[in-house]
Amino acid sequence: MLTQLSSVHKAEKSPCFPKITPSLSRDGDLVIGNFLPLYSIEVSSVRGAEMFQSHPDKGCRDHKWLHKNYQQVLALVFAVEEINRDPNMLPNISSLGFHLYNAYHSDERTLDSSLQWLSGHGQLVPNYSCWRQKPVAVIGGATSALTIQMGTLLDLYKIPQISYGHFDSILSDKAQFPYLYQLANKDSSLHRGVVQLMVHFEWTWVGLITTDDMRGEEFLWKLRGDMVKHGICLAFTEKIAVSERRYGESQDMFLTRIIESSVRVIIIHGDTDSLMIFRYSQPLHVYIWKVWITTSHWDITMRPYLRDGYNFHGALSFSHITNEIPGFKSFLRTVKPAKYPEDILLKEFWSSAFKDEEKSEKREQTECSPNASLEALPLYTFDMTMSSLSYTIYNAVYAVAWALHEMLLVTSEEESIRDGESRAPQPWQLHSFLKKTQFNNSAGHQLSLDGTGSSEAQYDIMNFLFFPNETEALVKVGQFISNVPPGQGFLIHKEAIIWSWMDSEVPLAVCTNSCGPGFRKTPRDEEPICCFDCSPCPEWEISNQMNMKLCTKCPEDEYPNKERNYCLPKVISFLDIKEPLGMALACIALSFSVLTALILWVFVKFCDTPIVKANNRALSYTLLISLTFCFLCSLLFIGRPTVATCLLRQTTFGLVFTVAVSCILAKTITVILAFKVTIPGRRKMIWLQPGVSNCVVVLCSGIQVILCGIWLGISPPFPDINTHSQPDQIIIECNEGSVLGFYCVLGYMGFLALGSFTVAFLARSLPDTFNEARFITFSMLVFCSVWVSFLPTYQSTKGKAMVVVEIFSILASSAGLLGCIFIPKCYVILLRSDENTKECIRNKSGHNNGKHSGTLTQNSFTRRKR
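So, here is what we can say about the structure in this document. (Residues numbered from 1 in each chain as written. Predicted model: local features only at pLDDT ≥ 70, side-chain atom pairs only at ≥ 80, totals over all residues. Heavy atoms only, no water.)

1. Some points on the sheet that holds strand E27 (residues 718-722)
The strand order across the open sheet built from three strands is E26-E28-E27, with neighbouring strands paired in mixed fashion. Each edge of the open sheet carries a strand with a single partner, namely strand E26 (571-573) and E27. Shown here is a sheet whose adjacent strand axes are inclined to one another by a mean of 25°, direction ignored. (Pairing = 2+ DSSP bridges. Helix = DSSP H or I, 4+ residues; strand = E, 2+ residues; numbered from the N terminus. Axes fitted to C-alpha atoms, helices over the stretch in contact; angles between N-to-C directions.)

2. Thoughts on the environment of Asn561
Inspection of the secondary structure assignment puts Asn561 in the loop between strand E24 (558-560) and strand E25 (567-569). Sequence separation between Asn561 and Glu541 is 20 residues; the distance between their C-alpha atoms is 9.5 Å. In terms of polar contacts, Asn561 uses its side chain to reach the side chain of Asn565, at 2.7 Å. (Polar contact = N/O pair within 3.5 Å; in protein donor to acceptor, adjacent residues only side chain to side chain.)

3. A few points about the nonpolar core
Core analysis: the largest hydrophobic core is formed by 68 residues, its most contacted members being Phe331, Phe349, Leu374, Val397 and Leu404. Contributions of two or more residues to this core are made by strand E3 (30-36), helix H2 (70-85), strand E6 (96-102), strand E7 (137-140), helix H9 (328-334), helix H10 (344-354), helix H12 (388-417) and helix H13 (431-436). The biggest single contributor to this core is H12, with 14 residues. Listed in part, the 62 residues of the second largest apolar core include Ile611, Leu627, Cys708 and Ile776. (Core = buried A, V, L, I, M, F, W, Y, C linked by side-chain atoms within 4.5 Å. Buried < 20%, exposed > 50% of the residue type's maximum accessible area, 1.4 Å probe, protein only.)

4. Section: the state of the cysteines
A full pass over the atoms with the stated rule returns six disulfides. Residue Cys233 pairs covalently with Cys530 via a disulfide, S to S 2.1 Å. Between Cys233 and Cys530, the disulfide has an S-S torsion of 95° and is therefore right-handed. Of this pair, Cys233 sits in strand E11 (residues 233-240) while Cys530 is found in the loop between strand E20 (519-523) and strand E21 (532-536), placing the two residues 297 residues apart along the sequence. (Disulfide = S-S within 2.5 Å.)

5. Describing the packing of aromatic side chains
Centre distance and the angle of the planes are the two values used to describe a pair of aromatic rings. Counting across every chain of the model gives 29 aromatic pairs. Taking 6.2 Å as the distance between ring centres and 80° as the angle between the ring planes, the aromatic pair formed by Phe318 and Tyr459 counts as edge-to-face. On the criterion of sequence distance, the pair formed by Phe318 in strand E14 (residues 316-320) and Tyr459 in strand E17 (residues 459-466) is long-range, its members being 141 residues apart. As far as burial versus exposure is concerned, Phe318 and Tyr459 are alike and both buried. (Phe/Tyr/Trp six-rings, centres within 6.5 Å; stacked < 30°, edge-to-face > 60°.)

6. A look at the pattern of salt bridges
Side-chain pairs of opposite charge can arise whenever the charged atoms involved come near each other. According to the stated counting rule, one finds 12 salt bridges in the structure shown. Across the pair Asp168 and Arg215 runs a salt bridge whose closest N-O atoms are separated by 3.9 Å. Of this pair, Asp168 sits in the loop between strand E8 (161-163) and strand E9 (180-182) while Arg215 sits in helix H6 (residues 214-229), and the two are 47 residues apart along the sequence. In this pair, the class of Asp168 matches that of Arg215, namely buried. Here Glu218 makes a salt bridge to Lys222, at a shortest N to O gap of 3.4 Å. Taken together, the residues Glu218 and Lys222, both in helix H6 and four residues apart, mark about one turn of the helix. The exposure class of Lys222 is partly exposed, given its relative accessible area of 24%. Three or more residues joined by partner-sharing salt bridges are found here, namely Asp168, Asp187 and Arg215. (Salt bridge = Lys/Arg side-chain N within 4 Å of Asp/Glu carboxyl O.)

7. Some words on the packing of helix H5 (residues 190-200) against H6
Look at H5 against H6: their axes get within 9 Å of each other, and the N-to-C directions meet at 40°. One finds that H5 runs oblique with respect to H6. Here H5 and H6 pass one another in a crossing that is right-handed. Only Phe219, Lys222, Leu223, Asp226 and Met227 of H6 make contact with H5, whose side of the interface consists of Leu190, His191, Arg192, Val194, Val195 and Met198. When its residues are assigned to classes, the contact of H5 with H6 shows seven nonpolar, one polar and three charged. (Parallel < 35°, antiparallel > 145°, perpendicular 65-115°, else oblique. Left-handed = near helix turned anticlockwise from the far one by under 90°. Contact = heavy atoms within 4.5 Å. Nonpolar A, V, L, I, M, F, W, Y, C, P; charged D, E, K, R; others polar.)

8. Notes on the side chain of His313
Inspection of the secondary structure puts His313 in the loop between strand E13 (291-294) and E14. A distance of 2.9 Å separates a polar side-chain atom of His313 from the backbone nitrogen of Phe466. A distance of 3.4 Å separates a polar side-chain atom of His313 from the backbone oxygen of Trp499. Discounting chain neighbours no more than four positions away, the residues touching His313 are Phe464, Leu465, Phe466, Ile498, Trp499, Ser500 and Trp501.

9. Points about the sheet that holds E11
As summarised here, the arrangement of the eight strands in space is E11-E10-E12-E13-E14-E17-E18-E19, forming an open sheet in which the pairing is mixed. Edge strands, defined here as strands with exactly one partner in the open sheet, are E11 and strand E19 (490-492). Looking at each pair of strands side by side, their axes are set apart by 25° on average, direction ignored. Across two bridges, the pairing between E13 and E14 is parallel. Looking at E14, one finds that Thr294 is bridged to Ser317. Strands in contact with H5 are strand E10 (205-211), strand E12 (265-269), E13, E14, E17, strand E18 (472-480) and E19; relative to E19, the strand with the most contacts, it is inclined by about 45°. Taken strand by strand, H6 contacts E10, E11 and E12, and its axis lies near 175° from that of E11.

This is the structure in structure tokens:
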């Protein structure tokens with residue numbers, strides 16, 4: 001039988017008492033006490049700090065229905081009726097009953113309701129009870145704060161208290177809360193789901209609104225720790241004071257900061273009762289264009305005004321996944337005032353839910369849509385899907401029933417031993433059974449009250465939609481399962497999400513714009529890590545993703561593109577004979593070598609002419625042959641380097657050029673000796689023998705052979721791959737092995753060239769009938785100029801350009817020797833043959849140089865002839 005309770009002291013009852021302290025009871029052999037939040041203080045006409053400046057009862061302030069919470073009452077009724085229908089539950093008793101009182105989110109009113117319940121029938125007399133049957137347990141505490149407030153009173157009587165609110169690790173301390181039990185799943189992984197949502201949408205700059213209590217601090221600490229790991233920052237943290245007076249003093253500044261903030265995404269953490277103050281304080285005609293992420297503790301659809309839904313359109317909410325209780329929806333469809341005619345509380349709810357409150361007060365209860373159904377109510381008024389709180393209340397009733405069941409079995413056995421002596425169970429006796437209670441509910445969910453059976457909560461991610469016609473819906477767009485391997489438990493359907501009114505796509509929530517590929521993040525001084533500048537990647541490095549902290553180097557066989565956002569394969573580079581430059585240099589080398597061979601043929605054919613015989617024919621032949629090889633050795637530098645070409649190219653170049661320069665040095669010495677040794681004599685005449693010049697060539701070339709042998713023996717050249725000299729090329733080149741050996745060979749050749757140039761320069765003023773010292777001087781000047789220019793140019797170039805520089809220097813210096821020394825002689829031999837006779841030379845010598853010179857020339861010529 002359902003009865004509406006009223007105060008025994010009729011005269012003293014406040015006219016608004018039924019709304020201030022609504023209560024409902026169902027008689028039974030055993031009774032459970034229940035404290036559920038059904039009414040809140042009406043603040044439609046008094047907003048802000050004014051709502052807290054008067055006594056709660058003064059002026060009989062109106063109280064507003066929390067319609068959605070009425071589902072919790074129906075879950076309680078449904079569970080009790082199921083238990084009473086089960087013949088296997090609670091032996092030896094006829095029925096289970098309950099007492100129901102409203103629980104305010106207020107210290108004063110919660111203790112008020114608790115005292116009235118303990119005293120019975122609305123009395124406020126401590127240590128005195130008017131109840132015939134003392135309740136054996138209490139189900140109450142939608143929030144941790146309310147649970148603790150109720151516990152301070154219930155602990156005095158050792159009454160078991162089952163909290164149906166969300167799990168709080170602080171309440172698990174049995175030393176501090178010995179008579180408190182929790183049934184809800186743990187939310188210790190909720191922060192991970194929120195962070196994974198932000199990581200998925202690349203939100204790095206968000207705000208947080210939470211309650212100013214231990215639960216809010218714990219969530220903030222866990223959330224911030226996980227956010228740091230993923231590079232996400234909190235732009236601000238606003239804490240809603242649990243104390244109403246403290247909140248009223250700071251709400252204006254609090255809302256102003258949120259509205260003016262540039263942060264687009266805001267996380268809200270807290271229970272529905274605590275955050276209801278936040279919902280009441282929102283300006284009715286000011287829209288806050290934010291994207292909200294709400295946690296499972298807050299029912300986003302529960303609000304004081306229908307129009308408040310506009311601000312939360314597109315919000316994402318983490319909702320507990322609960323097993324569906326068989327028959328509960330069918331039960332809700334059958335609930336009507338006619339089914340429970342004595343339940344005045346249901347009639348008041350029905351009247352308020354289906355009609356405007358002002359009109360419902362003017363009408364009789366019989367006029368209240370008796371044929372309506374709860375299924376027709378909008379979502380913000382009533383939800384046909386069982387909420388997580390209703391699910392926990394249902395399980396809590398069964399937990400108490402199973403504990404009573406076990407206690408009654410034990411008691412009946414003891415009574416049979418004591419000859420049937422019966423005694424009513426006391427609340428303190430239930431604790432030992434509650435601690436051991438484990439059962440499976442009708443949905444197949446295993447539950448226990450010892451704290452170890454509380455598993456991790458699983459979450460559906462719901463998208464809250466508020467349409468222009470003021471209808472609303474919660475659409476599942478994802479889920480988060482915590483007890484699976486990382487990366488597998490989070491699922492989101494991005495295309496199914498409808499965002500806020502201003503966003504057609506995923507909103508951007510960053511402190512600064514993202515750094516694109518080719519850039520890296522540079523932290524700003526004294527600012528969070530989410531606020532940064534974008535700097536281009538250094539040379540040789542790339543970044544191919546957004547918001548890279550560090551750029552990475554390309555592999556050795558690749559190089560960065562111009563934008564430095566990906567790597568390109570390097571081109572293999574060497575001076576190929578097939579490319580135009582290689583082909584041109586090869587043709588030039590072959591042409592000059594053929595030209596040198598033709599000049600050698602001319603000298604051999606006209607070997608008996610005076611101009612050929614004048615400067616040691618053997619040296620001329622040797623010089624021409626060496627120049628031919630000088631031109632040909634440049635071909636070793638063209639083509640892909642191999643072991644053989646690397647060993648031969650520098651050594652061959654050094655040896656043939658040394659032979660050529662040695663021949664020039666010998667020719668220059670011969671010229672000087674020919675003019676200096678004017679008096680016949682054995683000792684001096686011996687220096688004009690051909691063997692002396694040959695010895696000079698052999699000796700100078702032998703030293704170079706020794707240097708090359710030492711070089712090849714210690715550290716010979718070898719083919720090498722150079723990936724660093726050119727950014728876009730892999731250069732296949734010859735590594736010289738010993739750089740010292742290479743420069744020793746080159747330096748020795750330069751020493752000989754400088755010596756030849758010096759000797760030729762000293763002999764430049766001698767009579768020039770047969771004197772080629774001037775030509776040698778000029779040729780060595782060209783030769784030295786080319787190789788002096790070669791050194792800095794060779795050092796400043798890389799890759800195949802170095803090879804081209806060396807080939808050019810070889811060809812230019814060889815051509816300089818050939819052109820300056822032999823071209824004038826070929827001109828005389830081939831085109832001015834009349835001047836290549838003894839008579840012409842004598843006449844020219846006497847005419848140009850006088851008697852003394854003529855004598856010197858004649859004597860010299862005679863000696864050379866001999």
